[in-house]
Amino acid sequence: MRLRDLSDLILLAALWGGSFLFMRYAAPAFGPLPLIWLRVAIAAGCLAPLLILRRQGRALREHAFGIALMGVFGSALPFVLIAWAMLSITAGLASILNATVPIFTAMIGALWLGERLGISRAAGLVVGFAGVLLLAADQADFKPGGSGWAIVAMLLATLSYGFAANLTRRLLGGVPALVSSAGSQIVAAVLLLPFAVWFWPTVQPGLMAWSAAIVLGVGCTALAFLLFFRLIANVGASRAVTVTFLIPLFGVLWGSLFLGERLAAGMLVGGVIVVLGTALATGVLRWPARA
């Protein structure tokens, strides 16, 4: 990678890792649905003018169905699930669980699109899910107020991301990145608007909560999408996806620095296993060949 590409990769990981910090901070003040509506509406407001300037509105209309599905499964649904989960679990744990996205992507690709996994990728699925089970055994608590259902919500969110990734390959191949990213945010904003109005908090959130929501929309969504697709264009998807391994590092770091979260030994071990499984599932690491 060139220095610029490497800096893009690190900045992208810092932004996406920071999204858990900002949701952890702002979700209690806004509630999950209003907060995520703000996130996608702000991102749509940033990306839509670029779409108009580049005159790509026609592509948006031509692929409206696929983009609408992306708005649901790639933004609205997983964002809301994660925001709800952040009411009960730490930013560090959420960022580690988020690393399972490539694992679900590979699994859905094999089941839906008939992709051959090979020994390394199949081993990655097994190792990754073993890490998830270890994390769940160490962290999950299904008593009232516990973290159990929040962990389930996080895994459902990563499953939705995995489905959206395969959906993009199936329906949106060749569609400009700006079209799919801007269109999906617009769809998510329209879809979530009535829920945001209905569940809008009766107590006005403070300045810090508003600041967190704005940074979440501008930095962690609009800017992050642009960085991600620029990375794909410059270094390829296989290298761009390595951001997955850096997100937990920044998620744990920001949670520790700004929220005083502690990284328990069980979470550390489980996180390492999940990241190892992800590396195998994405092909970054390969299972040793038999002699």
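Before going into details, it helps to say that this report is about the structure given with it. Quick caveat, the model's predicted, so the values are computed rather than measured.

Attention now moves to the packing of aromatic side chains. Scanning the model with the defined rule gives 12 aromatic pairs in all. Between Trp112 and Phe163 the ring centres are 5.5 Å apart and the planes differ by 25°, which places this aromatic pair in the stacked class. One end of the pair, Trp112, is in helix H6 (residues 101-112); the other, Phe163, is in helix H8 (residues 148-171), and 51 residues separate them in sequence. For Phe163, a relative accessible area of 26% gives the class partly exposed. Between Trp254 and Phe258, the aromatic rings sit 6.1 Å apart at their centres with planes inclined by 45°, giving tilted as the arrangement. Of this pair, Trp254 and Phe258 are both found in helix H12 (residues 243-259), 4 residues apart, which corresponds to roughly one turn of the helix.

Topologically, Thr100 is positioned in the loop between helix H5 (91-98) and H6. Non-local contacts of Thr100, meaning those with residues more than four positions away in its chain, are made with Val132, Leu155, Thr158, Val274 and Thr278.

So, on to the packing of helix H2 (residues 32-53) against helix H9 (residues 177-198). Taken N-terminus to C-terminus, the directions of H2 and H9 make an angle of 145°; their axes are 8 Å apart at the nearest point. Crossing hand, H2 versus H9: left-handed. Facing Leu33, Pro34, Ile36, Trp37, Val40, Ala41, Ala43, Ala44, Leu47, Ala48, Leu50 and Leu51 of H2, the residues of H9 in contact are Leu178, Val179, Ser181, Ala182, Gln185, Ile186, Ala188, Ala189, Leu192, Leu193, Phe195 and Ala196. Broken down by class, the residue content of the contact of H2 with H9 amounts to 22 nonpolar, 2 polar and no charged.

This part covers the nonpolar core. Core analysis: the biggest nonpolar cluster contains 59 residues, and Phe20, Met23, Leu35, Ile36, Ile82, Ile89 and Met154 have the highest contact counts within it. Looking at which element gives the most residues to this core, the answer is helix H1 (residues 3-30), with 11 residues. Residue contacts for Leu35: discarding those within four places in its chain leaves Met23, Ala26, Ala27, Phe30, Ala213 and Leu216. The next biggest cluster of nonpolar side chains, apart from the first, holds 13 residues, and it includes Leu47, Met70, Ala182 and Ala222.

What counts, and at which threshold
Residues numbered from 1 in each chain as written. Predicted model: local features only at pLDDT ≥ 70, side-chain atom pairs only at ≥ 80, totals over all residues. Heavy atoms only, no water. Phe/Tyr/Trp six-rings, centres within 6.5 Å; stacked < 30°, edge-to-face > 60°. Helix = DSSP H or I, 4+ residues; strand = E, 2+ residues; numbered from the N terminus. Buried < 20%, exposed > 50% of the residue type's maximum accessible area, 1.4 Å probe, protein only. Contact = heavy atoms within 4.5 Å. Axes fitted to C-alpha atoms, helices over the stretch in contact; angles between N-to-C directions. Left-handed = near helix turned anticlockwise from the far one by under 90°. Nonpolar A, V, L, I, M, F, W, Y, C, P; charged D, E, K, R; others polar. Core = buried A, V, L, I, M, F, W, Y, C linked by side-chain atoms within 4.5 Å.

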